[in-house]
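# Observations on chain architecture
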Amino acid sequence: MLFYTDATATVGGNPLEVDAWGIDAVSAGLQKCLGGPSGSAPLTVSPRAVAVLDQRRSVEAGIREPGDEVADEPIRSNYLDLAMILDYWGPRRLNHHTEAASMLYAANECARILLEEGRDAVVARHETAGRAMTAGVQALGLGVFGDLGHKMHNVVAVEIPSDVVGDQVRAAMLDDHGIEIGTSFGPLHGRVWRIGTMGYNARKDTVVTTLAALEHALRRAGHAVPSGGGVDAALDVYAGAGVVAAGVSA
């Protein structure tokens, strides 16, 4: 068995020890905790995963040279052919696709900024912002969906009160405050909002502003909430964490 992990919303905001945890393949994204543009998916694969890919490695006819591998059961989709992508990024630079060079510069800048702040510091910043947002929504009398003992740092799923229409509150947040919070999908649609504290938004000022806007939107929708309760709870978390300014550790 190979262990694959989708770390799109994880990398940069939560611990991700790929080798220590024995993960064979991880794909990520720039647009969440790394704070970059969407459209590129960083990928890492273990030697064990590469060995599996090698079993179906096949160089396509147009660029094949004498001695190149031709598998009996090649990967049928060029788009999903990781073995070809490894050749593309390997020493031979075999053609697979035309890379969007601007995305490579963006990925490099995301990594540079993260390392400049420090990987542990970035994860800690996301952890504090996530705790503050969670404490804030709870202080507004809202439930949090799921087991908090296994919650990722940078997203909180807020149970929508039964006396409001979730999408109407989301629209008010966007129209009145310029803040977008997420809906959910499938059986959870209409049951929870997803509020992210990721990347550039994992800061004290954005957490507090979002909670103040949510309080206002709920009150306007007819749902009773404690005045200032969410903001105070979030500020208490930051005070306890020793944060003296937005995104700056004491």
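Because the structure is a prediction, the values reported are computed rather than measured. (Residues numbered from 1 in each chain as written. Predicted model: local features only at pLDDT ≥ 70, side-chain atom pairs only at ≥ 80, totals over all residues. Heavy atoms only, no water.)

Before going further, it helps to examine the packing of aromatic side chains. Tallied over the full model, the rule gives one aromatic pair. Both rings, one in tyrosine 88 and one in tryptophan 89, keep their centres 5.4 Å apart while their planes meet at 70°; by these two values the pair is edge-to-face. Positioned above the aromatic ring of tyrosine 200 is the side chain of arginine 203, whose terminal nitrogen or guanidinium carbon lies 4.1 Å from the ring centre. (Phe/Tyr/Trp six-rings, centres within 6.5 Å; stacked < 30°, edge-to-face > 60°. Lys NZ or Arg CZ within 6 Å of the ring centre and 35° of its normal.)

On to the environment of isoleucine 181. Of note, isoleucine 181 is situated in the loop between α5 (166-177) and β5 (192-196). On the basis of relative accessibility, which here comes to 4%, the residue isoleucine 181 falls in the buried class. For the pair formed by isoleucine 181 and glycine 196, sequence separation is 15 residues and the distance between their alpha carbons is 7.4 Å. Apart from residues no more than four positions distant in its own chain, isoleucine 181 is found in contact with Arg170, Met173, Trp193, Arg194 and Ile195. (Helix = DSSP H or I, 4+ residues; strand = E, 2+ residues; numbered from the N terminus. Buried < 20%, exposed > 50% of the residue type's maximum accessible area, 1.4 Å probe, protein only. Contact = heavy atoms within 4.5 Å.)

As a working rule, side chains carrying opposite charge can pair if their charged atoms are close by. In total, this model carries 15 salt bridges according to the counting rule given. For arginine 112, the salt bridge is made with glutamate 116, and the minimal N-O distance between the two is 3.3 Å. Highlighted residues: arginine 112 and glutamate 116, both in helix α3 (residues 101-117), separated by four residues, approximately one helical turn. Taking the relative accessible area as the measure of exposure, glutamate 116 reaches 61% and is therefore exposed. Between glutamate 127 and arginine 131 there is a salt bridge, and its shortest N-O distance comes to 2.6 Å. Of this pair, glutamate 127 and arginine 131 both sit in helix α4 (residues 119-139), four residues apart, which is roughly one turn of that helix. Relative accessible area serves as the criterion here: at 24%, glutamate 127 is assigned to the partly exposed category. Since its relative accessible area comes to 39%, arginine 131 is described here as partly exposed. Residues participating in the shared-partner salt-bridge network are Asp54, Arg57, Glu69 and Asp87. (Salt bridge = Lys/Arg side-chain N within 4 Å of Asp/Glu carboxyl O.)

Within the sequence span of helix α2 (residues 82-89), burial applies to Ala83, Met84, Ile85, Asp87 and Tyr88. For α2, the secondary structure elements touched by its buried residues are α1 (47-54). Its side-chain oxygen 3.1 Å from the backbone nitrogen of alanine 83, aspartate 81 forms the N-cap of α2. (Polar contact = N/O pair within 3.5 Å; in protein donor to acceptor, adjacent residues only side chain to side chain.)

Quick look at the environment of leucine 80 now. By the element assignment, leucine 80 lies in the loop between α1 and α2. Considering only alpha carbons, one finds leucine 80 and serine 58, 22 residues apart in sequence, at a separation of 13 Å.

Caution is warranted with low-pLDDT regions, since their predicted coordinates should not be read in detail. This prediction gives the protein chain a mean pLDDT of 93; 97% of its residues lie at or above 70. Under a pLDDT of 50 for its full length, residues 244-250 has, in the predicted model, 11 contacts with residues more than four places off or in other chains. (pLDDT = per-residue confidence, 0-100.)

Strand pairing in a sheet takes place through backbone hydrogen bonds and is either antiparallel or parallel in direction. Read across the sheet, three strands follow the order β1-β2-β3 without closing on themselves; strand pairing throughout is mixed. Each edge of the sheet is formed by a strand with only one pairing partner; in this case those strands are β1 (4-6) and β3 (43-45). Across the sheet, the mean angle from the axis of one strand to that of its neighbour is 10°, orientation sign disregarded. Across three bridges, the pairing between strand β2 (residues 25-27) and β3 is antiparallel. Its bridge partner lying in β3, valine 26 is registered against threonine 44. (Pairing = 2+ DSSP bridges. Axes fitted to C-alpha atoms, helices over the stretch in contact; angles between N-to-C directions.)

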